[in-house]
Structures are given as structure tokens and as C-alpha cells.
Amino acid sequence: MIFEEKGQITVFLSLLLIVLIGFSFVVVEGVSSYSASALGEDAVKNAGENILANYDRELFNKYHIFFLDPREKNYILSDGKADMDQYFSGNSFFNVFCNSLKMTEEVTAVEEDGLYLKHEIREWMKYRQEEKVKDTLKQLINNVKKNNVDRKEYQNEVEEETGNIEQSEENKVEDKAEDKAEEETVSQEVQKERTTWKEIKEALQLLTKTGILFYVSDHPEQLSRKSIPEENLPSRAKKREQEEHKVEEFLFSGSGLKGIKSMLSVDFSINTNSTLWTKENYIVLYIEECFLDYSEEGREEKEEKNDVQEQVLAYEKEYLIKGQPSDLDNLKRVANDILLLRFINNYIFTGRDAEIQSQVNLMASALTGVVGIPQTAKAVQMMLRAALSYGESLLELHTLFEGGEISLTKDRGNWNLELKTMVKQLKEKKAVKKGKHNISYKDYLKVLLFMKGNSTILCYRMMDIMQENIACKEAGFLMENCLFSYKWEGSLSFGSVKMKFEKQVSY
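Residues numbered from 1 in each chain as written. Predicted model: local features only at pLDDT ≥ 70, side-chain atom pairs only at ≥ 80, totals over all residues. Heavy atoms only, no water.

Draft legend 1. Expanded view of the side chain of Lys 410. Along the polypeptide, Lys 410 turns up in the loop between β2 (406–407) and α17 (422–428). Judged by its relative accessible area of 12%, Lys 410 falls in the buried class. Reaching out from Lys 410, the side chain makes a polar contact with the side chain of Glu 396 at a distance of 2.8 Å. At 3.0 Å, the side chain of Lys 410 forms a polar contact with the backbone oxygen of Asn 414. In contact with Lys 410, other than residues within four places in its own chain, are Arg 342, Asn 345, Asn 346, Phe 349, Glu 392, Glu 396, Trp 415 and Asn 416. (Helix = DSSP H or I, 4+ residues; strand = E, 2+ residues; numbered from the N terminus. Buried < 20%, exposed > 50% of the residue type's maximum accessible area, 1.4 Å probe, protein only. Polar contact = N/O pair within 3.5 Å; in protein donor to acceptor, adjacent residues only side chain to side chain. Contact = heavy atoms within 4.5 Å.)

The structure is reproduced here in C-alpha cells:
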């Protein structure tokens, strides 16, 4: 019995040992599978990072953004499989290889209204000049708010004067017969005032015919004639651009009273909780850092930094604002916008200054004397103020284009023109007087960029310039082929086991 019991124990322990050994094999196989799976995930991740390392160098060097080099797009799958197989080639224990691999859900730079470009710009800017961006925008907002009250007052004034004009037109027919019957000898002083007005009108008509760029630039023949090809541009594929362009033309149209009143109805105020303030406040500063404008053309230090010779456009910021294919057209439209803003500011001042009012009343009396139409004196005064304001604005615009600064607001101390000597002063093109708070051409570009509000159109126009500048070195370069992210789907083989995986690869 004793020997029989010992035999039973020996069999039990033998069976238990077999179970333990089998369990050990299961554990070892599980650890091996888990390790192979973990290594497979590392291999996929490592391969994805290696692929992303093939970002376009020129795009990063010029604009500090990461997008996959379009030339590498056709090699993603082959390079990915090679990287995964190489990852396991030095490990004799694990016999893992990539069984299948495909790429899906490609996301390019031009998708989602430029969201991924804005992401790249934000990542570049947020650690560098965040506080400077806020200070810059706060200063612009404060400057605009200072003039906001003046703009509303000007709107009321224009509406009042328009009503006077309409009323005078109603009485025009009734009084015309009576006015023609009266004759009076014109004094020499009156004749002199009329001659002065004739000279002013002819000078302004000549400036209008030749174009403001020929006045504000001392060397118009040296203005850039570069243009950007319109084929395959990211912005041209967006209907939104044309809609915004129409809005801009409507707001900045100076062709009539309706356009000016519409411009004045724009609310320039902005609260600190707005989207532009919290999320897009880096765009304007990034543009200032990476893109050229008229005031920077020809500077040697800028040429060395940005390689101006290879820029498709010389006036890049102007293109971002107006979106026209030629430098000359963009510069002209920006100049018109600045001219309109200055005209509004100057016209407001002419209605407040007693000395200018005296000059305007004197000339208006000479132009609308007994042989004229006295009932239209108010309309003539408005016309004279507009002519004087327009001339002052032209003189200021010339100063801006020559690299100078002008006063942000007007007062008697920094006003320049007088009606009697206006033509002579415009011909001399002397630099205007400065004030306490001055503004430059570059500052006005910031204002115009800031006024666009929605940065979507800016993103697409930025991509236009990026694409064409990079294409100068990389033929056929298109932003629509630059990948921001993609998804890998495939399987890894480990002996007889296949492990499926999905991996999102993104900058």
C-alpha cells in the first residue's frame, strides 16, 4: 500500500509539472506576442516619423512651416515598408515583417479653409512673440477706436449736407430765371478766387487721369511690374475669394457718397473674446515677418535674408490684401484704400477748423456770387472741402510712399495745404508735418490686414505666394500636394500570426 501511494503521488506531480510547463509556454508565447506587438507599434511609429522628416526644406527655410515634400509622396509606402523591415532586421529573436501597407485619409495644406497652415503658423509663433502680437493688435485697436467717434460724426455731417444739396436742387429751377436776370461786375478778388479754383480743378483732374501712383512715387518707372500666374493657385479654387473681393470693392469704393457712407458704417470695435483676438492674433505678425511689401523693396539686408531675386511678387503684403495678379495693380488698390482713409480723416478736420472754413467760405462766395447760384453755396463749400482734403491726402500718401510718417489725427499744427497755394504745394511734394502720434506705410498695411477680420482668405493668398516662390527652385511644386497628415493601414506578420494596425501620421 505504501509503495502504491508513492506511485500515485509521483503520477500526480508529473501531471502537475506538465500543466506548469504548458502554462509557462503560454506565458512565454504571450510575452513574446505582446513584445512583438509593442515592437510592431514602435516600428510603425518610427517609420511614420522617418517619413515626416522628409518635409520640404525650402518651405521651412522661407516660411517656417512643416509640410511633406510633394516629391516624397510617391515613396511613402515603399519607404515605410523598408523602414519597418529594417527595424527588425537586427533582431534575430523576432521574425516580424510588414505583410501589407496602404495609405488613406490624406490631408493636404489647402484643405479645411487653411486650418493646417494656421496650425503650423501658430506653432511657430506662439513661443516667440505672443506678447508682442497682443501689444501690436491692442495698439491698432486703440488707434482705430480713437477715430471711430470722428467717423460717426462725419457720417452725420455728410447726411446733413446731402439733405441740403437735395433741398437746393428743388429750388434750383424756381430761382434760375431770377438769378440769370441779375448781373453784377465781378471784383478782382472774386476773379482771383475763381482762377485759383480753376487751377485746383485742373491739377486734380490731371492727377486723376495719370493715376495716383505717378504722383505718390517719385520714380514710377521703377515700380515693380512682376505678376503671379493664376493657374493652379490655391486661392483661385475658392469662390469665397471672389465674394470677399466684391465686399472689399464695395466698402472701399470712393466713387460716390454711398460708398463712403457704407465704409463708415463698418464697426471697427472688437472685444477681447473674439475669434480673431484669441486664435488668429498671430497671423498679422507672421505676415509682417515672412512677406515683403513696397516699403522693403530694394533694401540690401532684406535681399540677403529673403532672397528677393527669387520672389515672384515684390509687393507680397499688398497681394495678401487685394489678391490681384500684378504688383502694380495691388499697389494701386492699396494706395486707394489708404487715400480713402486719409480723406475721411482730413475731411472731418476741414469741417472743424475755423481758418479752413474761412478760406472755403470766401472761395465759395466768389464761385456762387450773384451771377452764379447762391443757393448752392453749401454744396460748393462741401466740394471745396473735398478738394482740399483730397489734395492733403495725396500729399500724405506721397510721404508714406517715400518712407516717411504722417500724423494719425489732424490738427492746426500738422495741417499742410491752403486753398490759395494748394497747386504749388502739390507740385513741390514736400514732406508733411508730423504730430504726436504718427503712422507709417507699414502701419497702414497692418491696419488693412487687420480690417480683413477673417484670416481664411489671407491663408489661401499666403499659400499662393509660398507655392510660386518655392516653385522657382522646385519645378511643379503645388501646395495641394503637400501632405499635413495621412493614415496608415496594414498588417505585420509574426510567424503564423498577423497583427493589423491603423496609425495616423501627422505633423
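Having seen it, we continue.
Draft legend 2. Local environment of the confidence of the model for the protein. Across the protein, pLDDT averages 77, with 71% of residues at or above 70. Confidence drops under a pLDDT of 50 for residues 249–279, and excluding neighbours within four residues, the segment shows 55 contacts in the predicted structure. The low-confidence segment residues 299–308, where pLDDT is below 50, has 15 contacts with residues more than four positions distant or belonging to other chains. (pLDDT = per-residue confidence, 0-100.)

Draft legend 3. Fine view of the pattern of salt bridges. Inspection of every chain in the model, using the stated rule, returns 20 salt bridges. Salt-bridge contacts for Arg 71 lead to Glu 474; the nearest nitrogen and oxygen are separated by 3.4 Å. With Arg 71 in the loop between α2 (57–63) and α3 (76–89) and Glu 474 in the loop between α19 (456–471) and β4 (483–494), this residue pair connects regions lying 403 residues apart in the sequence. Judged by relative accessible area, which is 9%, Glu 474 ranks as buried. In this structure, Glu 489 and Lys 102 form a salt bridge, with 3.8 Å as the shortest nitrogen-oxygen distance. (Salt bridge = Lys/Arg side-chain N within 4 Å of Asp/Glu carboxyl O.)

Draft legend 4. Representation of the packing of helix α15 (residues 354–367) against helix α16 (residues 377–401) in the model. As a packed pair, α15 and α16 sit with axes 9 Å apart at the nearest point and diverge in direction by 125 degrees. The pairing of α15 with α16 is recorded here as oblique in orientation. Both α15 and α16 take part in a crossing whose hand is right-handed. For the pair α15 and α16, the contacting residues are Ile 356, Val 360, Asn 361, Met 363, Ala 364 and Leu 367 in the first and Ala 377, Val 380, Gln 381, Leu 384, Arg 385 and Leu 388 in the second. Here the residues of the contact of α15 with α16 sort into nine nonpolar, two polar and one charged. (Axes fitted to C-alpha atoms, helices over the stretch in contact; angles between N-to-C directions. Parallel < 35°, antiparallel > 145°, perpendicular 65-115°, else oblique. Left-handed = near helix turned anticlockwise from the far one by under 90°. Nonpolar A, V, L, I, M, F, W, Y, C, P; charged D, E, K, R; others polar.)

Draft legend 5. Focus on the nonpolar core. In terms of nonpolar packing, the biggest core is built from 87 residues, with Tyr 63, Tyr 286, Phe 291, Met 462 and Met 466 touching the most fellow members. When residues no more than four places from it in sequence are discounted, the contact partners of Met 462 are Leu 117, Ile 121, Ile 283, Tyr 286, Ile 287, Phe 291 and Leu 320. With 22 residues, the next largest nonpolar core counts Ala 36, Ala 43, Cys 98 and Leu 492 among its residues. (Core = buried A, V, L, I, M, F, W, Y, C linked by side-chain atoms within 4.5 Å.)

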